[in-house]
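# Residue-level structure breakdown
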Amino acid sequence: MSAGRVVEALKAPFRGPGRGLFTAGLAIVLVFVVMAVFAPWIAPYGPTERSVPLQLAAEPQPPSWRHPMGTAQLGYDVFSRVVWGSRVVLYVVTLSAILSMAIGVPLGLVSGYYGGPLDRGLSMVMDSIYAFPGIVLAIAVASVLGPSPTNAAISLSVVYVPTFFRMVRGQTLEVRESLYIEAARALGYPDRVTLLSHILPNVAPTTLVVFGLAATDAILTEAGLAFFGLTVSYPQPDWGLDLRMALKDIPNGVWWTTFFPGLAITLLALGFALIGEGLGERYAIRTER
Amino acid sequence: MGEPILQLRDLRVYYYTLLGAVRAVDGVTMDVGRGEWVSIVGESGSGKSTLALAIMRLVPPPGRIVGGSILFDGTDLTRLSEAEMRRIRGRRIGMVFQDPMASLDPVRRIGDQIADVYLEHGVASSKGEAIRMAGEALEMAGLPRDWVDRYPHQLSGGQRQRALIAAAVALKPELLIADEPTTALDVIVQAKIMDLIEGLKRELGMTVILITHDIALAAERSTRIAVMYAGKLVEYGPVDAIVEDPLHPYTRGLIESAPDLWGEKRLRGIPGYPPDLRRPPSGCRFHPRCPLALERCRSEEPPLVRVGDRLVACFRALERR
Amino acid sequence: MAGLARYVAVRASLIIPTILILYTLVFIILRVIPGNPVEAVLGTRYVPPEVIKEEMHRLGLDKPLYVQYFDYLWRVLHGDFGESLVVRGRPIAADLKYRIPATIELVVAGFIVSVLLGIATGTAAAVRRGSRLDYAMRLYGIVTYTLFIPWVGALLILLFAVHLHWLPAGGRLSASVSLHRITGIYTLDALITGNWPAFLDALRHLVLPAFTLGLVLSGPYTRLVRANLSDVLQSDFIRAYRARGLREGKVLRYALRNALIPVVTYMGLQLAILLGGAVLTETTYSWPGLGSYLYERISLRDYPAIEGTVIVFAFIVSVISLIVDVIYAFIDPRIRY
């Protein structure tokens, strides 16, 4: 691919149908990425730093100019924890996305391209994982591996490998039937060359759409794992865990300690959903949900 | 011909698309007498199906009746409320559509679909009675009475069209509109369905309007033929006159391109395509394709005038008067 | 109908391999993946190796994997999930038996809410296709899906329980209400015994969790119903219905019936997601089902309990997919086997 074509491909989502959704989603995600990368400069306090005088630390303090999202127990600044928490979430989700694509995409390509018993076996396993409630599966794996962000990422990729596998396999089957692959075979290109040079570019747009949707799911599942205490241990900041810890504030009418971490989860998930949605509309790809 | 049952007066139906208004029916005036069989003939895109849907007030959005009137038995249908119109549909005017494969609800039994008509119009008081009447309607359409229990996928195309006709004539309507009822069927089935419609017409004393692209089919059983081109009525008259001596060059073209009518005689199509109805040609809409076009045809729209026992909209035809 | 009966029988027999595959999957995850459950249970404290060995032996974890595989399968098939590591001598099966009906009640209620919300929003969008309402409903479909269940739960509790005092914040039944337990599905038990105060109380407890779960998982239905219904509304048989003078309400009902058939196939997949959502919902609302059990036992590191719960989830998923397939065969007359 020449540089010009790469630029064209990169510009494509910003044009045509769905560009509004795509751009909005990308903007949301970028805000969180910036937040994570520049956390030390953006967050006014450290994640586990007492940000109020000792006598105020016992009770959560409502939002104020000094603490735009209020304070949580032990005087933690909620805004700072939301900022620092984005690091864990994005780390887990990015790592799991890389892992599940790195495993799911090649397996799907090979399975769809060669067919036969290997394909049947793999499909059966992938389908049964796919049918299983994702969060229960992730919880099961994470509880065996033990709580840590990296283990959480591994658990999430167990859940999302089948998503990529199924999609790439389906697309590969479709592309394989088309004539130009037949032609490439007839010309005697080795399998590997055929796979990479012909099928991969064709499945790329769908992979991106599915990525957007899987990332949405993955963020919510990561938050679920955090909620179950399977990512970091308190008082390390992670949105889902912060939300869990703040549930006990609810009966006292304290809303800000749950509201803001939860809003962050939903906004980030929405960002990825809009990206997937926009791309789906752009390339007219229908997905299962 | 008797008193007219249907009188269209300057009827206009436009589809409002993003690229401009499509004038699918653009000022059609015609009468249909009680007991007649009138066939409306034209190529696809001539507006004939839209005309049929307009009479039922079922033009799908973005289409709309924008002007003119539809007098049915003296009542202007365009002025009726939706509820009043509903009481006419299915009871006083029945309609049969082109694709019998798609025109039946795939997940409901045939009998239930016909029974709807009796229940909706208050003719049957119970479901059981309605189903029994549906059986009778099926029988009338040449299907076994007990097929009320069948699902559409268990029927062939011709059988489905019979079931649809049964539903359309269930309440013995005064007018039956058949929009290309046999286009999707093979030739032998086609003839049987036309026989059925003809039989029912006689039996129930209905008026029939047949919409078709096939002038040979129209010539077989009609009393009169109306020819539409690009949203306009171009010729309207008794079958024999139209078939044997077409006045409008377009009608002539249609007849010459019909194989059945002249047996093995050479086929000649009409060169060119129907115009874009967002921007119809000036003057006579047929002039770009007309072999006889005059200079005047380009600028001036020919009015629909009486020539003998028919109406025609063509300056060339007027020369013969 | 003989064809249908045969289809149901064949489909029912297919549940055995499905369950076996899921069992194997769970087994691999929980026993083959490196990680020592006993050490995990005992945590970071120092424990003498012989104690660990003894515990491993007690749980049968020192046997070869293939022996463990069949041992555990045999026991599970007989309803024996072993004993809790935390509450010594307490059979896991008893806990699960107590918890399952609560989860079923929540999932079924959440399912009903999600389907109703999805049909209402999707229909509104399809009927007014291209309008502002349509756009709003599409947004609804995207946004609801991205809501984090405990967050929605917390906000609803704040509003309806803490501020308005309309509904309880959690649990299944008020302490003051007594109910004879039959099925364990409290609303059903109350109806069976004609216990109206208990029925209302159980229903009041069910409203917020079911709405939370249903709202978050209604989005896919909104999309599906919108897409299918707008297709169906443009089909010929709808026009034919109208041409026979049918009222618009009736036409819409018949159209929906057609539009919902493909939606049923999605229900199987959606019920699995609902089960996952129930895990978080239960934890948020202290709903004593399988999900909150999983939560408690994970924090207690009660390994056999975790394993048993996940196996039960697998079992429920298989049964649900069976039920959905059978329902599909019943409602679509075109399918005959």
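Structure shown above.
The shown structure was predicted, so the numbers you read here are calculated from the model rather than taken from an experiment. (Residues numbered from 1 in each chain as written. Chains lettered and ligands numbered in written order. Predicted model: local features only at pLDDT ≥ 70, side-chain atom pairs only at ≥ 80, totals over all residues. Heavy atoms only, no water.)

### With respect to the interface of chain C and chain B
Going by this rule: Should any heavy atoms of two residues lie within 4.5 Å, those residues are counted as being in contact. Buried area is understood as the total, over both parts, of accessible area removed when two parts are fitted together, assessed with a 1.4 Å probe. Any Lys or Arg side-chain nitrogen found within 4 Å of a carboxyl oxygen on Asp or Glu counts as a salt bridge. N or O atoms within 3.5 Å of each other form a polar contact, as long as, within protein, one can give a hydrogen and the other can take it, and as long as residues adjacent in sequence are counted only when both atoms are side-chain atoms. Comment: elements are numbered from the N terminus, with helices defined as DSSP H or I runs of at least four residues and strands as E runs of at least two.
Each side of the interface is counted separately: chain C has 19 residues, and chain B has 26 residues. Interface of chain C and chain B: buried area, both sides summed, is about 2200 Å²; carbon and sulfur atoms make up 57% of it. Here chain C and chain B share two salt bridges between them. Residue Glu120(B) is joined to Lys250(C) by a salt bridge in which the shortest nitrogen-to-oxygen separation is 3.5 Å. The interface formed by chain C and chain B includes ten residue pairs in polar contact (both at pLDDT 80 or more). For the side of chain C that touches chain B, the secondary structure elements donating two or more residues are α12 (236-243) and α13 (248-284) of chain C. Per-element tally for the side of chain C that touches chain B: the top contributor is α12(C), with seven residues.

### Brief notes about the sheet that holds strand β7 (residues 175-179) of chain B
Residues and elements named next belong to chain B. Selection criterion: We call two strands paired when DSSP finds no fewer than two bridges between them. Here the axes come from fitting lines to C-alpha atoms, over the contacting stretch only for helices, and the angles between their N-to-C directions go from 0 to 180 degrees.
Overall, mixed pairing links the eight strands, which are arranged β6-β7-β8-β3-β9-β10-β12-β11 in an open sheet. On the outer flanks of this sheet lie β6 (93-96) and β11 (305-307), each paired with one strand and no other. In this sheet, neighbouring strand axes are inclined to one another by 20° on average, regardless of whether the strands run parallel or antiparallel. Of the strands in this sheet, β3 (37-41), β7 and β8 (207-212) touch helix α6 (residues 187-204), which is tilted by about 140° from β3. Against the sheet, helix α9 (residues 249-256) contacts β3, β9 (224-229) and β10 (232-238), and its axis sits at roughly 105° relative to β9.

### Concerning the pattern of salt bridges
All names here are of chain B. To keep things clear, this is the line we draw: Residue burial is assigned from relative accessible area. The probe radius is 1.4 Å, only protein chains are included, and a residue is buried under 20% of its type maximum, exposed over 50%, and partly exposed in between.
What the rule picks out here adds up to 45 salt bridges over all chains. The closest approach of N and O atoms between Arg108 and Asp116, which form a salt bridge, is 2.9 Å. Among the salt bridges present, the one from Arg221 reaches Glu220, with a minimum N-O distance of 3.3 Å. Given a relative accessible area of 14%, Arg221 falls into the buried group. Through salt bridges with shared partners, one network takes in Glu3, Arg34, Asp73, Arg92 and Glu174.

### A look at the sheet that holds strand β2 (residues 20-33) of chain B
Residue and element names in this part refer to chain B. Strand order in the open sheet formed by four strands is β2-β1-β4-β5, and the pairing between neighbours is antiparallel. Two strands close off the open sheet at either side, each with one partner strand: β2 and β5 (75-76). Note that strand β1 (residues 4-17) and strand β4 (residues 63-72) share eight bridges and pair antiparallel. When the bridges of β4 are listed, Tyr15 appears paired with Gly63. Together, β1, β2 and β4 form the strand contacts of helix α1 (residues 48-55), whose direction differs from that of β1 by roughly 115°.

### Section: the interface of chain A and chain C
Facing 49 residues of chain A, the contacting portion of chain C comprises 44 residues. Each partner contributes to the roughly 4100 Å² buried at the junction of chain A and chain C, and carbon and sulfur atoms together form 78% of this total. Taken together, the connections running from chain A to chain C amount to one salt bridge. For Arg223(C), the salt bridge is made with Glu277(A), and the minimal N-O distance between the two is 2.7 Å.

### Topic: helix α7 (residues 132-145) of chain C
All names here are of chain C. What counts, and what does not: Here the expected span of a helix is defined as 1.5 Å times the quantity of residues minus one.
With 14 residues, α7 extends 20 Å between its outermost C-alpha atoms, agreeing within 8% with the 20 Å of an ideal straight helix rising 1.5 Å per residue. Of the positions making up α7, those classed as buried are Asp134, Met137, Tyr140, Gly141, Ile142, Thr144 and Tyr145. Between the side-chain oxygen at the start of α7 and the backbone nitrogen of Leu133 there is a gap of 3.3 Å, and the oxygen is on Ser131.

### A look at a nonpolar patch on the surface
Stated formally: Each patch is built from residues that are more than 30% exposed by relative accessible area and take part in no salt bridge. Like charges join if they lie within 9 Å; nonpolar side chains (Val, Leu, Ile, Met, Phe, Trp, Tyr) join within 5 Å. Using a 1.4 Å probe, accessible areas were evaluated by the Shrake-Rupley method; residue-level cover was limited to the displayed protein chains.
A cluster of nonpolar side chains, Leu30(A), Val33(A), Val34(A), Val37(A), Phe38(A), Trp41(A) and Ile42(A), forms an exposed patch at the surface whose accessible area comes to about 660 Å². Here Trp41(A) shows up in helix α3 (residues 39-42).

### A few points about the packing of helix α7 (residues 134-145) of chain A against α13(C)
Helix packing geometry: the angle between the two helix axes and the distance between the axes. The following threshold applies: Here the angle decides the label: under 35 degrees means roughly parallel, over 145 means roughly antiparallel, 65 to 115 means roughly perpendicular, and every other value means oblique. Amino acids are sorted into nonpolar (Ala, Val, Leu, Ile, Met, Phe, Trp, Tyr, Cys and Pro), charged (Asp, Glu, Lys and Arg) and polar (every other residue, Gly among them).
Contact pair α7(A) / α13(C): the axes reach a minimum separation of 6 Å and the direction vectors enclose 65°. Compared by their axis directions, α7(A) and α13(C) come out roughly perpendicular. Contacts between α7(A) and α13(C) involve Ile135(A), Val136(A) and Ile139(A) from the first element and Gly276(C), Val279(C) and Leu280(C) from the second. Within the contact of α7(A) with α13(C), the residues separate by chemical class into five nonpolar, one polar and no charged.

### Concerning the pairing of β4(B)
All names here are of chain B. Relative to β5, β4 runs antiparallel, the two sharing two bridges. Opposite Phe72, over in β5, you have Thr75 as the bridge partner. Counting the residues that bridge the hairpin from β4 to β5 gives two residues, and of these Asp73 lies at a positive phi of roughly 50°.

### Here's the deal with the nonpolar core
To keep things clear, this is the line we draw: In these notes, a set of buried Ala, Val, Leu, Ile, Met, Phe, Trp, Tyr and Cys residues joined through side-chain atoms within 4.5 Å is what counts as a nonpolar core.
Among the nonpolar cores identified, the biggest contains 168 residues, and Phe132(A), Ile139(A), Phe228(A), Leu268(A) and Phe148(C) are the most heavily contacted of them. The element that contributes the greatest number of residues to this core is α13(C), accounting for 16 residues. Look past the residues within four positions of Ile139(A) in its chain and what remains in contact with it is Leu225(A), Phe228(A), Leu230(A), Val279(C), Leu294(C) and Ile298(C). Listed in part, the 65 residues of the second largest apolar core include Leu8(B), Val59(B), Ile209(B) and Val243(B).

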